[in-house]
4 protein chains.
Amino acid sequence: MDYQSLLERVYQETEAFKGQGKVADYIPALKQVDPNRFGMALATVDGGLFTCGDVHVPFSIQSISKVFTLALALKREGEKVWTRVGREPSGHPFNSLVQLEHEQGFPRNPFINAGALVVTDILLDSLSKPLEEILTFISELAGSGSVTVDEAVACSEEEKGDRNAALAHFIKSFGNIRHAVEEVLNLYFRHCAITMTCTGLARAFLFLASKGRHPGTGEAVLTSSLTKRLNSLMMTSGLYNESGEFAYRVGLPSKSGVGGGIVSVLPGHFSLAVWGPELDACGNSLRGIEALDRFTTYSGLSVF
Amino acid sequence: MDYQSLLERVYQETEAFKGQGKVADYIPALKQVDPNRFGMALATVDGGLFTCGDVHVPFSIQSISKVFTLALALKREGEKVWTRVGREPSGHPFNSLVQLEHEQGFPRNPFINAGALVVTDILLDSLSKPLEEILTFISELAGSGSVTVDEAVACSEEEKGDRNAALAHFIKSFGNIRHAVEEVLNLYFRHCAITMTCTGLARAFLFLASKGRHPGTGEAVLTSSLTKRLNSLMMTSGLYNESGEFAYRVGLPSKSGVGGGIVSVLPGHFSLAVWGPELDACGNSLRGIEALDRFTTYSGLSVF
Amino acid sequence: MDYQSLLERVYQETEAFKGQGKVADYIPALKQVDPNRFGMALATVDGGLFTCGDVHVPFSIQSISKVFTLALALKREGEKVWTRVGREPSGHPFNSLVQLEHEQGFPRNPFINAGALVVTDILLDSLSKPLEEILTFISELAGSGSVTVDEAVACSEEEKGDRNAALAHFIKSFGNIRHAVEEVLNLYFRHCAITMTCTGLARAFLFLASKGRHPGTGEAVLTSSLTKRLNSLMMTSGLYNESGEFAYRVGLPSKSGVGGGIVSVLPGHFSLAVWGPELDACGNSLRGIEALDRFTTYSGLSVF
Amino acid sequence: MDYQSLLERVYQETEAFKGQGKVADYIPALKQVDPNRFGMALATVDGGLFTCGDVHVPFSIQSISKVFTLALALKREGEKVWTRVGREPSGHPFNSLVQLEHEQGFPRNPFINAGALVVTDILLDSLSKPLEEILTFISELAGSGSVTVDEAVACSEEEKGDRNAALAHFIKSFGNIRHAVEEVLNLYFRHCAITMTCTGLARAFLFLASKGRHPGTGEAVLTSSLTKRLNSLMMTSGLYNESGEFAYRVGLPSKSGVGGGIVSVLPGHFSLAVWGPELDACGNSLRGIEALDRFTTYSGLSVF
């Protein structure tokens, strides 16, 4: 498979989608990004790296961080995590409170905001220096390149954070958040405000294509079984309430963020990070989805 | 991979689950089945067949038929099908009307009852002798063995069919069912009442593991692209509102029915039909899920 | 109180609202009515009658019939009726299925369609010649004037009746409708298709202002206690999901229909029927509400 | 009407209900109250006062305070209040977030918690010393007797206040709360923690039976029209999601609180405060409802 040519073809063909999406604007810090940025980085399990476009520009990973925090929670606490959060697609927008009320504060899955807040609460118990240890965990996965928190974004989120505060207080009212809401939100907004590059993200997700082993050191980040399970969660719930549509078009376990990033994994083969800040109506990178759709269609590569 | 030994190991280990589920009892015709039946049949893309247990006993395939009717609709009408039914997980029980009201008669996906009724309505337009053509389509996929309608089951469903009648009238009130409700229900109850064996089902699903080609004749049943897409739908929505949990534990595109059957596919490798009539709380074969969980865990085989 | 002058003042002042609403058009038979019709008839407990406008033109009473069927069911079956239908405002549109699913086929109140279908089912048991006896019951209340079924409207409803068929099948699936759905709908569409005049309606509702006694004969139609209770139901649930707004503006127990009629009651004093076919967004007579608002504001007459 | 005998008869007959309800226990400060307390105080528009039982013991008025804050908001801001909160029954429990999500932060009515929080936010703008002015407003209505805030209750509510914090943040995320959530909750918990006696409450509600005029001074607290409207809101929404049932049984505009108080009004005649701390499943005084049911049934007095 000539990954390099394929990335370039897809890059060019999707230029036509410039201007069709909308950069996240719910906080000032996010809407300043150049909407025309676009990059793709593919890292293979045997050490290859193929890139195209803006792969060295750091961007806000936002909800993609939920994969890292879940991986860390699973690594520390194992299957016990599932006593506090479910594994089903939600069928509702990422920040909905409706389902949470019917299901008594037990979030459907760890990738909707409610579930990610519960995972954050778990990490506050599990880690002694939570933010520092999350950053170290990601840095070690990424191998090189900076993994930092954009404080401007984090503060901006906090100022506009009433919806997440509502979710956290609501879950706490059912007893499924144990730390102070302020503490949970503080950590949550910070790990969502991590910035990384496409190249860094592709490398950091490679363990999910390698049965859980760190591609550089060979050490187990997660067991092979937990790795399979984390990939399945990305497949059913990784792209908000566009997950089914995305599975249909792309067919790779993936996670997106409102910063415009999407990272996909083909187990046994590669991880692929794309970034384009313009979003579709569901909050996913519009050009990113178009690129991944073409990539899998032209290559015939998908889990299906 | 020694499939035969694996099937036998799994068969034995899951005997302990006898008596823990509950045979479907909402219609008399279904509850007469022997709850202790259990069979597994695995057909490989290169022509192998491995079986264990009650693989030659015909059973009611129920919702598994929705894969066949959807495949036929996609074959006939192509992507146009998606103007009438969606591709997202529902997050609600299979026969819920709640979501349908909020979304104005557009069912979330073709595997919940509402979506399957719309697909049935499409086939009434697309086929001249609908039931006959559905049966022929399945028979040709299965290669041999009988594919028949159990009229006792179909009539029993009709008698107890108020929930489905409610769904159909409701969708029709939004204009998304075009034929008479009686006609749609008549065909729907009949294709759900088809009986097949594990062996027959494994063979009939093999095209989904073979990029859409009939394993015997090599002819394209569906394009490679539509095949991938159908598999993705089974992954996100194939086991009612246990789809996420099942993807997490098993990790294979699959479809279940309340008759106790589940058929799974590993693209490029095999299709695997299991049957055990005792159901869990979500209406899926309890021992069937346990068996598939062990099968994929022991073999390390899954799409993830 | 000079009722006649008040009616005339209100009639004139509300002429300005002509053309601001929309005649019911979901069935052809209803949309043929002249939108400019308007009438008001007030009957007092001491035998007075005050009228203004088109009070002698028969119109389709539609949901107003639900008061008569409920009164008849209460007369026959007493408080037992409440084992099958509730007494709470619904908070949802009149034909919603959402709540019904959460509450397992037990309709919130007898004035939403679901509840009225259950009351109709009760009358099928309670009466030997249901439609005939309903018509007789209303005729005796109205004293004179014709009370007939408009078969064109009834048939038109049946043709477009998928939403109500969905409701009836859905309730039946929970066991709270006992007769065949066709039979229930047949009677339901017929009692909704009854035509009466403003004068007839005002007279027929007078027993609700007279502690349950027939104003002509003095006989008890309902006990004083059941009369109070029926009035309370009209207050909390009589105008679909505009009931709270209407109670706020008008403050009289009332029932509306999509034919454009509204009948209000001031216990101890009068019943007042208004008719204007143009509806607001909730399906209530737009000019009718404006007229009743002015009537109660100018007179200071309301239950509050 | 011999009110005194009636109160005594009702008092005695409802002693049998002791022990059948449950004192509010969600905060420690509330559950310390003696469950056997019971009192009734009836104040007439012509200055009479009839009492029975524990009418001089102060208790936590809780949600009854929402009538006072709404009256004050209407007095200050007039109908403008309705641009921020609705007038329809909710059909959902008092602290539900579901409806609020569908309706974009616009609460159904001022008596569910969401609506009361918005009214509290309005008063923070409208009043210069909000809590002080609320207390003065109520004191002047009550005429004599103490109206104080129980700080132990207010603090206890704050500690357990995650559900209300969730509501407030959620509404703020839609822009319908303008002050800091902490500030809104601080005032909200304090006005809910006001303690009064049955006698004080009966007197303080008497203006609602007197077309808005202060029964002592004759001054207009509210216009006659706004008074009618406030009564209608109590009728359709005053007893949480038991409002319909209560209207059916009692038929008087009323407001309840989880402290066990209920105040009812018969316009033109009297206001009637009852207090019994044991609650039914909806959070309303169990013996209080039984007493009011008997009072209106025996006397034949109700608005219907």
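Located above this text is the structure these notes cover.
The shown structure was predicted, so the numbers you read here are calculated from the model rather than taken from an experiment.

## A short note on the overall build of chain A
- Assigned secondary structure in chain A consists of 13 helices and 10 strands.
- Computed over C-alpha atoms, the radius of gyration of chain A comes to 18 Å, within 12% of the 19 Å expected from 2.2 N^0.38 for 304 residues, which places it in the range of a compact globule.
- Along the three orthogonal principal directions, the C-alpha set of chain A runs to about 55 × 40 × 35 Å.
- Looking at chain A residue by residue over its 304 residues, the buried ones come to 61%.

## Quick notes on the interface of chain C and chain D
- Every contact between the two is made by 31 residues of chain C and, on the other side, 31 residues of chain D.
- Among the elements of the structure, α11 (224-237) and α12 (243-249) of chain C are those that each provide at least two residues to the side of chain C that touches chain D.
- For the side of chain C that touches chain D, the element with the most residues is α11 of chain C, which contributes 10 residues.

## Quick word on the sheet that holds strand β5 (residues 148-149) of chain D
All names here are of chain D.
- Taken together, the three strands give an open sheet; going across it, the order is β4-β6-β5, and neighbouring strands pair in antiparallel fashion. Of all strands in the sheet, those with a lone pairing partner are β4 (59-60) and β5, marking the two edges.
- The pairing of β5 with strand β6 (residues 194-196) spans two bridges and is classified as antiparallel. Among the inter-strand pairings, valine 149 is bridged to a residue of β6, identified as isoleucine 194.

## Points about the relation of the copies chain C and chain D
- The transformation that overlays chain C on chain D combines an axial shift of 0.0 Å with a rotation of 180 degrees, and the residual RMSD is 0.0 Å. Considering both components of the superposition, the chain copies are consistent with a two-fold axis. Taking C-alpha positions as the reference, the residue of chain C nearest the rotation axis is glycine 91 of chain C, at 2.4 Å.
- Comparing interface residues between copies, 100% of those in chain C also lie at the interface in chain D; the contact surface is shared.

## With respect to the nonpolar core
- With 404 residues, the main nonpolar core has Ala202 of chain A, Ala202 of chain B, Ala202 of chain C together with Ala202 of chain D as its most contacted residues.
- With residues up to four places along the chain from it excluded, the contact list for alanine 202 of chain B reads Ala41, Leu42, Ala43, Val263, Ser271, Leu272 and Ala273 of chain B.

## Topic: the packing of helix α3 (residues 65-77) of chain B against helix α5 (residues 113-126) of chain B
All names here are of chain B.
- Contact geometry of α3 with α5 gives a least axis separation of 10 Å together with a crossing angle of 45 degrees. In terms of orientation, α3 lies oblique with respect to α5. Crossing of α3 against α5: the hand is left-handed. Taken together, the residues of α5 that come into contact with α3 (itself represented by Lys66, Thr69, Leu70, Leu72, Ala73, Arg76 and Glu77) are Ala116, Val119, Thr120, Ile122, Leu123 and Ser126.
- Here the contact of α3 with α5 is built from residues that sort into seven nonpolar, three polar and three charged.

## Some details on the interface of chain A and chain B
- Listed by partner, the interface residues are 32 residues for chain A and 32 residues for chain B.
- Residue contributions to the side of chain A that touches chain B peak at 10 residues, all from helix α11 (residues 224-237) of chain A.
- Across the side of chain A that touches chain B, the residue classes tally to nine nonpolar, 17 polar and six charged.

## Brief notes about the arrangement of the chains
- There is no contact between chain A and chain C; across them, the least C-alpha separation is 10 Å.
- You won't find any contact between chain B and chain D; their C-alpha atoms come no closer than 10 Å.

## Looking at the pairing of strand β9 (residues 270-275) of chain B
Residue and element names in this part refer to chain B.
- With six of six residues buried, β9 is to be regarded as a mostly interior element.
- Burial of the side chains of β9 extends over both faces: Phe270, Leu272 and Val274 are buried on one face and Ser271, Ala273 and Trp275 on the other.
- Bridging between strand β8 (residues 261-266) and β9 involves six bridges; their strand directions are antiparallel. Across the sheet, residue valine 265 finds its bridge partner in β9, namely serine 271.
- If you look at the hairpin formed by β8 and β9, you'll find three residues sitting between the two strands, and glycine 268 has a positive phi there, around 90 degrees.

## Considering the environment of leucine 201 of chain C
All names here are of chain C.
- Structurally, leucine 201 can be placed in helix α10 (residues 198-204).
- Its 32 C-beta neighbours within 10 Å are what place leucine 201 among the buried residues.
- As a C-alpha pair, leucine 201 and leucine 272 span 71 residues in sequence and 8.3 Å in three-dimensional space.
- Every residue in contact with leucine 201, bar those within four places of it in the chain, is listed here: Ile61, Ile64, Met196, Gly261, Val263 and Ala273.

## Comments concerning the relation of the copies chain A and chain B
- Rotating chain A by 180 degrees about the axis while translating it 0.0 Å along that axis superimposes it on chain B, leaving an RMSD of 0.0 Å.
- A shared interface surface links the copies, since 100% of the contact residues of chain A are contact residues in chain B too.

## A few points about unusual backbone geometry
- Here the phi dihedral of tyrosine 240 of chain A falls at roughly 55 degrees; this positive angle occurs in a residue that is not glycine.
- As for its position among the elements, tyrosine 240 of chain A is in the loop between α11 and α12 (243-249).
- C-beta crowding within 10 Å serves as the criterion here: with 21 such atoms nearby, tyrosine 240 of chain A is assigned to the buried category.
- In this model, lysine 211 of chain C sits at a positive phi of 55 degrees, which is unusual for a non-glycine residue.
- Structurally, lysine 211 of chain C is set in the loop between α10 and α11.
- The partly exposed category is assigned to lysine 211 of chain C, around which 19 C-beta atoms lie within 10 Å.

The rules behind the values
- Residues numbered from 1 in each chain as written.
- Chains lettered and ligands numbered in written order.
- Predicted model: local features only at pLDDT ≥ 70, side-chain atom pairs only at ≥ 80, totals over all residues.
- Helix = DSSP H or I, 4+ residues; strand = E, 2+ residues; numbered from the N terminus.
- Rg over C-alpha atoms; globule rule 2.2 N^0.38 Å.
- Buried ≥ 20, exposed ≤ 12 C-beta atoms within 10 Å, placed from the backbone.
- Contact = placed C-beta atoms within 7 Å.
- Pairing = 2+ DSSP bridges.
- Least-squares fit on C-alpha atoms with pLDDT ≥ 70 in both.
- Core = buried A, V, L, I, M, F, W, Y, C linked by C-beta atoms within 7 Å.
- Axes fitted to C-alpha atoms, helices over the stretch in contact; angles between N-to-C directions.
- Parallel < 35°, antiparallel > 145°, perpendicular 65-115°, else oblique.
- Left-handed = near helix turned anticlockwise from the far one by under 90°.
- Nonpolar A, V, L, I, M, F, W, Y, C, P; charged D, E, K, R; others polar.

These results come straight from atomic positions and should not be treated as a statement about function.
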